[in-house]
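# Close look at the chain arrangement
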Amino acid sequence: MRIAVLNKKGGTGKTPIAMSLAIDLKLDIATNDTSVLGYFSTKQDHYFYGKTSFVPDSELEEFKMSENQIFDFGGWTPKGAINIIKQCDKILIPCSAENPNAILQTASTIAELKEFNSKMIVIITMHEKDEEFESKQEELKEHFDLPIMPLKKSRAFHNVISKGLSVKEIYCENQTSRHIYRNIYPQYDALLNLVKFL
Ligand SMILES: Nc1ncnc2c1ncn2[C@@H]1O[C@H](COP(=O)(O)OP(=O)(O)O)[C@@H](O)[C@H]1O
Ligand SMILES: [Mg+2]
């Protein structure tokens, strides 16, 4: 399976989502963002040690994805994005509920890319309440007809990055973690299933 996680906007949760899905779907990661994965992929005891390909922006337009790979987009280049998404089975577009411009930025990302690959899933991230998700979902529906999934703000994603575990693995760790992550896990699991079966 080939997946791209992207949005023109930064800070929407792309990197932890890509890392968590990579673990659960047994995919390698490719990225043009050296900041987060660049650090962790050098730690020998981290899941992504040796499993990450770094692609400089200048090579994005030529990059050929391998069979089982997820691409975490850092810096945005339109031509690079088009090359990557043409090769993918699914495109995930996280959209932060915290940023007031997110809807328009997400709608513009989708408008730019939809003709090259329409298998897109929009993920609303960083909200705290269900009502926040619902109101963003309503706004987004005015712009396009795509599946829209919630992923609440959660400490789980911080742990995905630092521990190199997926949200599923973090949830399953023990009794306490099953309690702490009882709200985020079902949302993540629904996303995981949609990604697998869409
Ligand atoms: N629901 C969520 N989805 C993804 N990240 C989240 C979520 N809630 C909180 N976070 C936190 O938000 C931050 C966003 O990730 P970041 O790497 O800045 O995004 P991007 O890769 O899009 O720039 C991470 O530190 C993560 O721990
Ligand atoms: Mg990132």
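Located above this text is the structure these notes cover.
We now turn to the structure provided with this report. All figures in this text were calculated on a predicted structure; none of them were measured in a lab.

### A word on the packing of helix 1 (residues 14-25) against helix 6 (residues 156-163)
Packing of helix 1 against helix 6 brings their axes to within 9 Å, and their N-to-C directions diverge by 65°. In terms of orientation, helix 1 lies roughly perpendicular with respect to helix 6. The two elements helix 1 and helix 6 meet at a crossing, and its hand is left-handed. Residues T15, P16, M19 and S20 of helix 1 pack against F157, V160 and I161 of helix 6. Along the lines of polarity and charge, the residues of the contact of helix 1 with helix 6 split into 5 nonpolar, 2 polar and no charged.

### Structural notes on the nonpolar core
Formed by 53 residues in total, the largest nonpolar core has its most connected members in I3, A4, V5, I70, I93 and I123. Here the element with the most residues in this core is helix 1; it accounts for 6 residues. In this structure I70 touches I3, V5, A18, L21, A22, L27 and I29, once residues within four positions along its chain are discounted.

### Things to note about the pairing of strand 7 (residues 148-151)
Remark: a regular strand shows side chains that alternate across the two faces of the sheet. Pairing analysis gives 4 bridges linking strand 6 (residues 120-125) to strand 7, with the strands arranged parallel. Looking at strand 7, one finds that I124 is bridged to P150. The handedness of the strand 6 to strand 7 crossover, carried by helix 5 (residues 130-141), is right-handed.

### Considerations on the site of ligand 1
Taken together, 17 residues lie near ligand 1, and G13, K14, T15, T125 and F157 sit nearest. Put simply, the parts of the chain that give the shell around ligand 1 at least two residues each are helix 1 and helix 6. Tallying contributions element by element places helix 1 first for the shell around ligand 1, with 4 residues. A breakdown of the residues in the shell around ligand 1 according to their chemical character gives 6 nonpolar, 8 polar and 3 charged.

About the cut-offs
Going along each chain's sequence as written, the residues are numbered from 1 onward. Chain letters and ligand numbers both follow the written order, the letters beginning at A and the numbers at 1. With the structure being a predicted model, the display of local features is reserved for residues of pLDDT at least 70 and the display and counting of side-chain atom pairs for 80 or more, all residues being used for whole-chain, interface and lining totals. Axes, fitted as lines to C-alpha atoms, cover a helix only where it is in contact. Angles between the N-to-C directions of the axes lie from 0 to 180 degrees. Note on conventions: DSSP H or I runs of at least 4 residues are helices, E runs of at least 2 residues are strands, and numbering of each starts at the N terminus. Oblique is the label for every angle not falling under 35 degrees (roughly parallel), over 145 degrees (roughly antiparallel), or within 65 to 115 degrees (roughly perpendicular). What makes a crossing left-handed is the near helix being turned counterclockwise from the far one by less than a right angle; a clockwise turn instead makes it right-handed. Contact between residues is assigned whenever the C-beta positions, reconstructed from backbone atoms, fall within 7 Å. Each residue is assigned to one of three groups, with Ala, Val, Leu, Ile, Met, Phe, Trp, Tyr, Cys and Pro labelled nonpolar, Asp, Glu, Lys and Arg labelled charged, and all others, Gly among them, labelled polar. Nonpolar cores are identified as sets of buried Ala, Val, Leu, Ile, Met, Phe, Trp, Tyr and Cys residues joined via C-beta atoms within 7 Å. In this scheme the burial state of a residue depends on its C-beta neighbours within 10 Å: 20 or more other such atoms mean buried, 12 or fewer mean exposed, and anything in between means partly exposed; the C-beta positions come from the backbone. Here a strand pair is declared whenever DSSP counts at least two bridges between the two strands. Here is how to tell: hold the view so the strands point away, follow the path from the first strand over the helix to the second, and if it runs clockwise the crossover is right-handed. Residues are classed as near a molecule or strand if the C-beta position derived from their backbone is within 6 Å of it.

So far we have only geometry, and geometry alone does not tell us how the molecule works.
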